[in-house]
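Each chain, written out:
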Amino acid sequence: MGTFDENDIEYQRARRQVERLRGFYGHLFAYIAVNAMIVVYNCMNLKPGESYFQFKNFFTATFWGIGLAAHAVTVFLPRVNFIRKWEDKKIKELMDKQKDH
């Protein structure tokens, strides 16, 4: 098993992907924790005979879920997103700038 050179482009890509994964899993954990608390709160505040299945009880989960899904796309499908290409281009540009100075 070899050592990793922090200047190696493949190492840097892998490191960035790990950072993206860590960010996504943190986002997912927050989504689950907050929405679980909202469910408990909503259940405790139901009026007698009132159904839980109302849009207002799913508002946060729905719209935050859309954002979470978009985050998942950028993490798990990096080849189809322009952000990865922009990052690679910017890294190359900055590395070229460093070489010139």
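The structure under discussion appears in the preceding block.
So, here's what we can say about the structure. Along each chain, residue indices are assigned from 1 in the same order as the chain's sequence is written. Restriction of local features to residues with pLDDT of at least 70 applies here, the model being predicted, together with a cutoff of 80 or more for giving and counting side-chain atom pairs; totals for whole chains, interfaces and linings are based on all residues. Side-chain measures here rest on the full set of heavy atoms in the structure, leaving out hydrogens and waters.

## Focus: the environment of G23
Put simply, DSSP H or I for four residues or longer makes a helix, DSSP E for two residues or longer makes a strand, and each gets a number counted from the N terminus. Counting through the fold element by element, G23 comes out in helix α1 (residues 9-44). Separated by 52 residues in sequence, G23 and V75 have C-alpha atoms that sit 9.0 Å apart.

## Structural notes on the side chain of N57
Considering the arrangement of structural elements, one finds N57 in the loop between α1 and α2 (59-76). Within the structure, the side chain of N57 is placed 3.3 Å from the side chain of N42, a separation counted as a polar contact. Polar contact is the term for a pair of N or O atoms within 3.5 Å; when the atoms are in protein, one must be able to donate a hydrogen and the other to accept it, and sequence-neighboring residues count only if both atoms are side-chain atoms. At 2.7 Å, the side chain of N57 and the backbone oxygen of Y52 are in polar contact. Setting aside chain neighbours within four positions, we find N57 in contact with N42, L46, S51 and Y52. When checking whether two residues touch, look at their non-hydrogen atoms; a contact exists if any pair is within 4.5 Å.

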